[in-house]
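Observations on the model geometry
This is what each chain is made of:
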Amino acid sequence: MPFCFRGKYKGEVMSEITNYKYYVGGQFVQSTSGNLIEIICPYDQSVIGRVQAISKEEADVAIAATKAAQKVWADTDLFKRADLLNKWADQLEIDAEEIAQMIMREVGKTWNDAVKEVTRTAEFIRYTVQEFIHTNDAAMSGANYPGGSKNKFAIIKRIPLGTVLAISPFNYPVNLSVAKLAPALIAGNAVVFKPATQGAISAVKLIESFDKVGFPADILQLITGKGSDIGDYVSEHDGIDMISFTGGATTGRHLSSFSTMKPMVLELGGKDPAIVCEDADIDKTVSEIMSGAFSYSGQRCTAIKRVLVHATVADELSEKLKVEVEKLSVGMPIDNPVIVPLINEGAADYVQGLITDTIAAGAELLVGNKREDNLIYPTLFDHVTTDMRLAWEEPFGPVLPIIRVASDDEAIEIANASEYGLQASVFTQNFSRAVAIAEKIEAGSVQINGRTERGPDHFPFLGVKNSGMGVHGISRTIESMTREKLLIINV
Ligand SMILES: NC(=O)C1=CN([C@@H]2O[C@H](COP(=O)(O)OP(=O)(O)OC[C@H]3O[C@@H](n4cnc5c(N)ncnc54)[C@H](OP(=O)(O)O)[C@@H]3O)[C@@H](O)[C@H]2O)C=CC1
Ligand SMILES: O=C(O)[C@H](O)COP(=O)(O)O
């Protein structure tokens, strides 16, 4: 447990308000813009710190400086790069409590989950290093093509793209950032890292660990500032060679509309359905839906965001879910409840608006519809129908609609009518039926008898439709941040 304390909630730190610096040229520096952004704690509304709102000129300098540094870095012995990244992983474990403290304060994640996020990230880095070390160049012979010459050989190397722009969201400010930084760096790229503003101090803490390890200057620049001010500018910047973005679908679509001729991977939102057949093991299903839908108050792109249940078992499922939702712990992050306050007032207003709208539209409220500031109590609706907003919109909050269906086909139809296609779960004890449904679902992954989730982090992770473009997951991220280059030998 971190520090002892004089703040509002037991066990928490409230120190002097710090102006956190951005990171360029291997130094933490203040922006000459003089503009600072206050970061407010989502659950006690105190100011936890301020981050620099850098200017476009400062972004230019940061990006330009990566160019020479990247060439040297790409040329650096792979085992030297690997060693530095492994040391960073070790350093993260040493600094875990300090970083977790900031994750908890800044994005309202529970203490246990915040610590897990840091340790998961250290493991992620180590696996990424091993993955890259064991990726070998490929070779092809001309003889394998009709009329091709057996005297022609191609060695197919993977080379870095140059400078990767990594833009991350608030909800995993460390893990989803490193999911971009580590693959980019081990593959020999430089990185310009733009974290979510609410999450930017956690990013500074992450880079403080990075800085302790002795990486060369300018291969990773941390730039802070609102996406609405500098996001477009850096995304269309000529010095950026690839964009790796995780965030909302609106922002992602916007970026893809103008960053022409730049490779891009987008991980966006979701409306993941849990399809429950009448032959499902209902107790197991309830337990998977509960953790899938409500952990971190549903602020996960992979959260279960609607239940499509066969009408014949709908009463049993909804009664059991109701009992479990009523039991959910609600409170402040330091006490490790399941339900914590949402990231900001706007998010809570949006979720409350969806709840109010769903009640007005005639759905049956089973539990919830209670709010204290940013804390939305877990809310469960039955008899939600497809003409209601909650059937389609991503709340990013603890509200779950149950939609009753008459057949597998109807469940599939509703699942696929969504603008999103990140993940889905299918619950049935008939494996063939599960596979038949899974094959028809338009989503990046379908979980059979399990909750929707990203991990383990080496699995490919992708969304279709408005849920994304390209593929993440350690090996796939490395692929997306490198390109093939052929050396053709004519004997
Ligand atoms: N599929 C996936 O893997 C994941 C998807 N998500 C999705 O992310 C959303 C929640 O995250 P949230 O942080 O609110 O998402 P946002 O889309 O609001 O922000 C994501 C990032 O984009 C930045 N940004 C905003 N505007 C621009 C712009 N014009 N140009 C470039 N960058 C910009 C933000 O900066 P700033 O904060 O300064 O505005 C932030 O760093 C949900 O929809 C969730 O489903 C979240 C995690 C994983
Ligand atoms: O942002 C998210 O929601 C994450 O990508 C989900 O990760 P998780 O499924 O491991 O919580």
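The structure displayed is predicted, hence computed values, not measured ones.

Things to note about the pairing of strand β7 (residues 152-160)
Direction of pairing for strand β6 (residues 138-141) relative to β7: antiparallel, over a ladder of 4 bridges. Its bridge partner lying in β7, Ser141 is registered against Phe153. Of the strand pairs in this sheet, β7 and strand β25 (residues 482-490) are connected by 9 bridges, and their pairing is antiparallel. In the sheet register, Arg158 faces β25, and the bridge partner there is Glu484.

Examining the packing of aromatic side chains
In the structure shown here, the tally under the stated rule is 7 aromatic pairs. Pairing Trp88 with Phe215 gives two aromatic rings, centres 6.2 Å apart and planes at 85°, and the pair type is edge-to-face. Linking Trp88 in helix α2 (residues 78-94) with Phe215 in the loop between α6 (200-213) and β10 (220-222), this pair joins segments that are 127 residues apart in sequence. Summarising the burial analysis for this pair, Trp88 and Phe215 share the class buried. Geometrically, the ring pair formed by Phe170 and Phe396 is edge-to-face, given 5.9 Å between the ring centres and 85° between the ring planes. Taken together, the residues Phe170 in the loop between β8 (163-167) and α5 (175-186) and Phe396 in the loop between β18 (379-382) and β19 (399-405) connect sequence positions 226 residues apart. Taken individually, Phe170 and Phe396 each receive the classification buried, so the pair is uniform in this respect. Connected via pairs of aromatic rings, a cluster forms that spans Tyr23, Phe28, Trp73, Trp88, Phe210 and Phe215. The side chain of Lys109 reaches across the aromatic face of Tyr172, ending 3.6 Å from its centre. The lysine or arginine in question, Arg454, covers the ring of Tyr172, its NZ or CZ lying 5.5 Å from the ring centre.

Overview of the sheet that holds strand β14 (residues 304-310)
Strand order in the open sheet formed by 7 strands is β15-β18-β19-β14-β13-β21-β22, and the pairing between neighbours is mixed. Single-partner strands in this sheet number two, and they are β15 (364-367) and β22 (445-448). The sheet shows a mean angle of 25° between the axes of neighbouring strands, taken without regard to direction. In terms of strand pairing, β18 meets β19 through 3 bridges, oriented parallel. Its bridge partner lying in β19, Thr379 is registered against Val399. Contacts from helix α9 (residues 282-294) reach β13 (272-276), β14, β18, β19 and β21 (423-427), with the element oriented near 155° to β14. On top of the sheet, helix α13 (residues 431-440) reaches β13, β14, β21 and β22; it is set at about 165° to β22, its chief contact.

What to know about the site of ligand 2
Every residue close to ligand 2 is listed here: Arg120, Asn171, Tyr172, Leu176, Arg300, Cys301, Thr302, Glu453 and Arg454. Here Arg300 contributes a side-chain N or O atom positioned 2.7 Å from an oxygen atom of ligand 2. A distance of 2.4 Å is found between an oxygen atom of ligand 2 and a backbone nitrogen or oxygen belonging to Cys301. Its free accessible area being 310 Å², ligand 2 has 96% of it covered by the protein chains. Of the residues that constitute the shell around ligand 2, the class distribution is 3 nonpolar, 2 polar and 4 charged.

Remarks on the side chain of Asn189
Checked against the element boundaries, Asn189 lands in the loop between α5 and β9 (190-194). A polar contact of 2.8 Å, which involves the side chain of Asn189, links it to the backbone nitrogen of Leu161. If we ignore the near neighbours within four places in the chain, the residues touching Asn189 are Gln70, Trp73, Pro160, Leu161, Gly162, Val164, Ala184 and Met481.

How each quantity is defined
Residues numbered from 1 in each chain as written. Chains lettered and ligands numbered in written order. Predicted model: local features only at pLDDT ≥ 70, side-chain atom pairs only at ≥ 80, totals over all residues. Heavy atoms only, no water. Pairing = 2+ DSSP bridges. Helix = DSSP H or I, 4+ residues; strand = E, 2+ residues; numbered from the N terminus. Phe/Tyr/Trp six-rings, centres within 6.5 Å; stacked < 30°, edge-to-face > 60°. Buried < 20%, exposed > 50% of the residue type's maximum accessible area, 1.4 Å probe, protein only. Lys NZ or Arg CZ within 6 Å of the ring centre and 35° of its normal. Axes fitted to C-alpha atoms, helices over the stretch in contact; angles between N-to-C directions. Contact = heavy atoms within 4.5 Å. Near = heavy atom within 4 Å. Polar contact = N/O pair within 3.5 Å; in protein donor to acceptor, adjacent residues only side chain to side chain. Areas by Shrake-Rupley, 256 points an atom, 1.4 Å probe, with all protein chains shown as cover. Nonpolar A, V, L, I, M, F, W, Y, C, P; charged D, E, K, R; others polar.

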